[in-house]
Amino acid sequence: DQQVKQNSPSLSVQEGRISILNCDYTNSMFDYFLWYKKYPAEGPTFLISISSIKDKNEDGRFTVFLNKSAKHLSLHIVPSQPGDSAVYFCAASGGSGNTPLVFGKGTRLSVIA
Amino acid sequence: DAGVTQSPTHLIKTRGQHVTLRCSPISGHKSVSWYQQVLGQGPQFIFQYYEKEERGRGNFPDRFSARQFPNYSSELNVNALLLGDSALYLCASSHPGLEGLREQYFGPGTRLTVT
């Protein structure tokens, strides 16, 4: 049973436009959420995170929104650039002490020039 | 500053053999976690170590074991390899702090192929 779901396996966006990647979770114990970007033959790179006490966090072109009541978060990339083309993973953790990350299956973003 | 390093980068083993994967965390990071990523899936948690003690274990058989050394580097061992163990094995480190343990920084991974 998947606790973190990324229902769109792929997304194509024009350069300069907004990319919106979505993620849903089922476990109410999750209270910290992260987005990672992964290029082929590399490990995931940490992008941005958000605690459940917030509903928005911004870092440059990247913004993460959290809707706790809907158990939904999204990553917005504005403006999208060709170098953003990669697989994006949503991850969640919860509870104190043991903090393993639970990952979604990823969304492949293609930014077309 | 060097990121998380892992060795080897690629490895081919035969069913039934044993494998040891190694990881060095970012300097100052005291927690190391191991993840397995199979094709088309997100990384799946195997182990977490903090200050040389096991702090968490995922749903993996006892053939998987790990340890953390005094310098915070870590080894993942897999015995009696099966074809299904073929995957990318990722090591991640994190630093102390309010949310530090949750923000994990990954190495490039070790690609294990079992034939």
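Analysis parameters
Residues numbered from 1 in each chain as written. Chains lettered and ligands numbered in written order. Predicted model: local features only at pLDDT ≥ 70, side-chain atom pairs only at ≥ 80, totals over all residues. Heavy atoms only, no water. Helix = DSSP H or I, 4+ residues; strand = E, 2+ residues; numbered from the N terminus. Rg over C-alpha atoms; globule rule 2.2 N^0.38 Å. Areas by Shrake-Rupley, 256 points an atom, 1.4 Å probe, with all protein chains shown as cover. Lys, Arg positive; Asp, Glu negative; His and termini not counted. Charge placed at Lys NZ, Arg CZ, Asp CG, Glu CD. Pairing = 2+ DSSP bridges. Contact = heavy atoms within 4.5 Å. Buried area = accessible area lost by both parts, 1.4 Å probe. Salt bridge = Lys/Arg side-chain N within 4 Å of Asp/Glu carboxyl O. Polar contact = N/O pair within 3.5 Å; in protein donor to acceptor, adjacent residues only side chain to side chain. Nonpolar A, V, L, I, M, F, W, Y, C, P; charged D, E, K, R; others polar. Phe/Tyr/Trp six-rings, centres within 6.5 Å; stacked < 30°, edge-to-face > 60°. Buried < 20%, exposed > 50% of the residue type's maximum accessible area, 1.4 Å probe, protein only.

**Digging into the overall build of chain A**
Within chain A, the secondary structure is distributed over zero helices and eleven strands. In chain A, the order of α-helices and β-strands from amino to carboxyl end is β-β-β-β-β-β-β-β-β-β-β. Its C-alpha radius of gyration of 14 Å places chain A within 12% of the 13 Å reference for a compact globule of 113 residues. Considered along the principal axes of its C-alpha atoms, chain A spans approximately 45 × 30 × 20 Å. Taken as a whole, chain A presents about 5400 Å² of accessible surface, with 49% of it coming from carbon and sulfur. Across chain A, 11 positive and 9 negative side-chain charges occur, with their mean positions spaced 3 Å apart.

**Quick look at the sheet that holds strand 7 (residues 62-67) of chain A**
Residues and elements named next belong to chain A. As summarised here, the arrangement of the five strands in space is 1-3-8-7-6, forming an open sheet in which the pairing is antiparallel. Each edge of the open sheet is held by one strand with a lone partner, namely strand 1 (4-5) and strand 6 (56-59). For strand 3 (residues 19-25) and strand 8 (residues 72-77), the ladder comprises six bridges, and the chain directions are antiparallel. Bridging across to strand 8, Cys23 finds its partner in Leu73.

**Points about the interface of chain A and chain B**
Across the boundary between the two partners, chain A contributes 23 residues, which contact 21 residues of chain B. For the chain A and chain B pair, buried surface summed over both sides reaches about 1700 Å², with 55% attributable to carbon and sulfur atoms. The tally of links from chain A across to chain B stands at zero salt bridges. Across the chain A-chain B interface, the total number found is four residue pairs in polar contact (both at pLDDT 80 or more). Those elements that place two or more of their residues in the side of chain A that touches chain B are strand 4 (30-38), strand 5 (45-51) and strand 9 (86-94) of chain A. Take the side of chain A that touches chain B: its biggest share by element is five residues, from strand 4 of chain A. Of the residues that constitute the side of chain A that touches chain B, the class distribution is ten nonpolar, nine polar and four charged.

**A word on the packing of aromatic side chains**
Going through the model one piece at a time under the given rule, you end up with 13 aromatic pairs over all chains. Pairing Phe46 of chain A with Tyr105 of chain B gives two aromatic rings, centres 5.7 Å apart and planes at 65 degrees, and the pair type is edge-to-face. Here Tyr105 of chain B lies in strand 10 (residues 105-106) and Phe46 of chain A lies in strand 5, a pairing that spans two chains. On the accessibility criterion, Tyr105 of chain B (28% relative accessible area) is partly exposed.

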